[in-house]
Amino acid sequence: MQFQYYRFFLSPIDGNLFTQIPNSKENALKYIFNNDYEGFYRGITYSICKEKTIDDMLLYRIAKHTSIQINKSPEEHFECEHVDHWPNVSMVIGINPEINDTYGQIIAVEVKKNVINNPITILRRWADKVNENLAVYGYVLSINPITTEKNFWAIVDKYKNEIEEVVFEYSMPNLFNTGDTLEEELKAANQSTNASKAALTLSNKVGTLNLSEDNTLLKQTAEYIENGGGEFKLKRKGVQTYIMSASKIKTQRFEIENLYVESQEGRTLKQMLKDILSMGE
């Protein structure tokens, strides 16, 4: 099985709200993960359903509603009939609030392009639905891809002297605790403005942006985004489309054929979920 990785954030809406709502983060997590979801995307119904809870790990299925044509029996003259069909993928979620405990706030989605071509779209629609009622707990949910290491700098090196614009979008921090200046400034901005997201645009229409790893802000931003703290998009001079960070999502393959079958045959589901959420590290 192969999985792609995302990070979910619970960003506080109001810095003063923590003292007003006891255990607000715990209650927010319960609200998010105790309710199934069903929604539409491009005319197709998708369902996100929880199947198991093991410690602070959750096993879900994401399914899309389609129909398949079958033929009835010879006695029924092989008549055609359309029946409901729900092709699905596994989704594993680690809800431990501490990133240093390996699998803090990680979402791992099984890769099956014929079922879900672009999981981030479905996940963000889920987050939008959750956020309709999450404000009473003092948080807003956001989901970002975890990208492959050094993705940003690889693109910068490849298109040196061609970069016209780069846009960074940050989710307000609630778990990293890196001590970086960037994180502290984002926390301060969250507390003073109640913003759950922030953006920074760097632009030079001549196409000669100087983006260097020696720049502390850029270095910390790239690391923050690679860990699932946001996204970037980069535009080359003379090219209309942007290069997106989400095009290089961290992906890992595991020697697992089927989570449900293998857990029934002796391999513990708990250990398999831990292996998946550790991202193979």
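Scoring rules and cut-offs
- Residues numbered from 1 in each chain as written.
- Predicted model: local features only at pLDDT ≥ 70, side-chain atom pairs only at ≥ 80, totals over all residues.
- Heavy atoms only, no water.
- Phe/Tyr/Trp six-rings, centres within 6.5 Å; stacked < 30°, edge-to-face > 60°.
- Helix = DSSP H or I, 4+ residues; strand = E, 2+ residues; numbered from the N terminus.
- Buried < 20%, exposed > 50% of the residue type's maximum accessible area, 1.4 Å probe, protein only.
- pLDDT = per-residue confidence, 0-100.
- Contact = heavy atoms within 4.5 Å.
- Salt bridge = Lys/Arg side-chain N within 4 Å of Asp/Glu carboxyl O.

Draft legend 1. Structural view of the packing of aromatic side chains. Under the counting rule described, the total for this entry stands at 10 aromatic pairs. Judged by centre distance (6.2 Å) and plane angle (70°), the rings of Phe3 and Phe254 are edge-to-face. Taken together, the positions of Phe3 in strand β1 (residues 2–12) and Phe254 in the loop between β14 (251–253) and α6 (259–264) put the pair 251 residues apart, joining distant regions of the chain. The same class applies to Phe3 and to Phe254, which are both buried. Cluster of aromatic residues (ring-pair linked, three or more members): Phe8, Phe33, Tyr60 and Trp126.

Draft legend 2. Structural context of the confidence of the model for the chain. When the pLDDT values of the chain are averaged, the result is 82; 85% of them are 70 or greater. Per-residue pLDDT, averaged within each element of the chain, yields its smallest value for α6 (67) and its largest for strand β8 (residues 106–110) (94). Confidence drops under a pLDDT of 50 for residues 16–20, and excluding neighbours within four residues, the segment shows four contacts in the predicted structure.

Draft legend 3. How the structure looks around unusual backbone geometry. Unusually for a residue other than glycine, Asp55 sits at a positive phi of about 55°. Inspection of the secondary structure puts Asp55 in the loop between β3 (44–54) and β4 (57–64). The backbone of Asn161 sits at a positive phi, close to 70°, despite the residue not being glycine. When you line up the elements, Asn161 lands in the loop between α3 (151–158) and β10 (163–171).

Draft legend 4. Local environment of the pattern of salt bridges. With the rule as written, the count across this model stands at seven salt bridges. Arg61 serves as the salt-bridge partner of Glu51, at 3.1 Å between the closest nitrogen and oxygen. Taken together, the residues span a long stretch of sequence, with Glu51 in strand β3 and Arg61 in strand β4 at a distance of 10 residues. Across the salt bridge formed by Lys270 and Asp55, the nearest N and O atoms sit 2.9 Å from each other. Taken as a pair, Lys270 in helix α7 (residues 269–277) and Asp55 in the loop between β3 and β4 lie far apart in primary sequence, 215 residues in all. In this structure Lys270 comes out as partly exposed when scored by relative accessible area, which is 36%. Judged by relative accessible area, which is 54%, Asp55 ranks as exposed.

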